[in-house]
Amino acid sequence: QRTKEAMRAKLAQTQFKINDRTTSTYGKQYNDYVTRETDDGVGLAQKDMMDASAVVVAGDETSLTGVTRTIDNIRDLRLKQALKTGAAKERVDAEGNVVGYDMNPSTQLQMAKDIGEGLYQTINNLNAVNQPETAKFLMEKYAAYIDPVNKSKLAEKTAKATEDVRALNAFQEVRNLP
């Protein structure tokens, strides 16, 4: 009788371990899936930011709508991921309405990194297509999102692009002389 009970206890313990490992594996796979899905969405949003910058006019705040919308999209994607994985929680008031979110620092850092990288790529793209004024405008408007190291790199590239545009304009003027 004691042998049967010992066997049942051992089987129950083994079954618990298997269930625990299965649950852990499922959780890790789900977390990996959500991370990949979010990373893909963020990458697309960063590319959308470059597309949105095509209609930005230096000095015109209303032309920034598309860029601002993609920044908000990146925030939303990271927030949804954090809510799914438990890295963020909703803050509710006494009536049960969501009034904000409490995110862990790693989520906030990842969000800032994604937005900064998107802006860095976008501003680099504007410099590459000889639109340094628009690049400068974006740098000034969204300076808080750009990493200081990247900010100095962008300032150098924008200054070089400005010189290139001036040289190109001077060449065109000389070329058009009678």
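Fair warning: this is a prediction, and the values are worked out from it, not measured in the lab. (Residues numbered from 1 in each chain as written. Predicted model: local features only at pLDDT ≥ 70, side-chain atom pairs only at ≥ 80, totals over all residues. Heavy atoms only, no water.)

Trainee: Just to check I follow, could you spell out helix H3 (residues 105–128) for this structure?
Mentor: Side chains three or four residues apart in an α-helix point the same way, a direct result of the helix having 3.6 residues per turn. Here H3 spans 34 Å end to end across 24 residues, near enough to the 34 Å set by a 1.5 Å rise per residue. Following H3 by one or two positions, asparagine 130 has its phi on the positive side, about 60 degrees. (Helix = DSSP H or I, 4+ residues; strand = E, 2+ residues; numbered from the N terminus. Expected span 1.5 Å × (residues − 1).)

Trainee: I would appreciate a short explanation of the packing of helix H2 (residues 65–85) against H3 in the present structure.
Mentor: A packed helix pair is summarised by two numbers, namely the angle formed by the two axes and the spacing between the axes. The contact between H2 and H3 brings their axes to 10 Å, and the two run at 150 degrees. When the axis of H2 is compared with that of H3, the two are roughly antiparallel. The hand of the H2/H3 crossing is right-handed. Together, Val67, Ile71, Ile74, Arg75, Arg78, Leu79 and Ala82 of H2 and Thr107, Gln110, Met111, Asp114, Ile115 and Leu119 of H3 make up the contact between the two elements. Looking at the contact of H2 with H3 residue by residue, the classes come out as eight nonpolar, two polar and three charged. (Axes fitted to C-alpha atoms, helices over the stretch in contact; angles between N-to-C directions. Parallel < 35°, antiparallel > 145°, perpendicular 65-115°, else oblique. Left-handed = near helix turned anticlockwise from the far one by under 90°. Contact = heavy atoms within 4.5 Å. Nonpolar A, V, L, I, M, F, W, Y, C, P; charged D, E, K, R; others polar.)

Trainee: I'm lost on a nonpolar patch on the surface in this one. Help?
Mentor: On the surface, a cluster of nonpolar side chains totalling about 300 Å² of accessible area is made up of Leu83, Val92, Val98 and Tyr101. With respect to the element layout, valine 92 can be found in strand S1 (residues 88–92). Taking relative accessible area as the criterion, valine 92 reaches 47% and is therefore assigned partly exposed. (Patch = residues over 30% accessible without salt bridge, like charges linked within 9 Å, V, L, I, M, F, W, Y side chains within 5 Å. Areas by Shrake-Rupley, 256 points an atom, 1.4 Å probe, with all protein chains shown as cover. Salt bridge = Lys/Arg side-chain N within 4 Å of Asp/Glu carboxyl O. Buried < 20%, exposed > 50% of the residue type's maximum accessible area, 1.4 Å probe, protein only.)

Trainee: It is not clear to me how the nonpolar core should be interpreted in this structure. Could you clarify?
Mentor: As a rule of thumb, nonpolar side chains are buried together in soluble globular proteins. If you look at the biggest cluster of nonpolar residues, it comprises 22 residues, and the most contacted ones within it are Val67, Ile71, Leu119, Ile123, Leu138 and Tyr142. Secondary-structure elements contributing two or more residues to this core are helix H1 (2–52), H2, H3 and helix H4 (132–141). Looking at this core element by element, the count peaks at six residues for H3. With near-sequence residues (within four places) excluded, leucine 138 lies in contact with Ser53, Leu64, Val67, Thr122, Ile123, Leu126 and Ala143. (Core = buried A, V, L, I, M, F, W, Y, C linked by side-chain atoms within 4.5 Å.)

Trainee: When you look at the environment of alanine 45 in this model, what are you seeing that I'm missing?
Mentor: For alanine 45, the position within the fold is in helix H1. Spatially, the C-alpha atoms of alanine 45 and leucine 77 are 9.4 Å apart, while their sequence positions differ by 32 residues. The residues contacting alanine 45, other than those within four sequence positions of it, are Thr70, Asn73 and Ile74.

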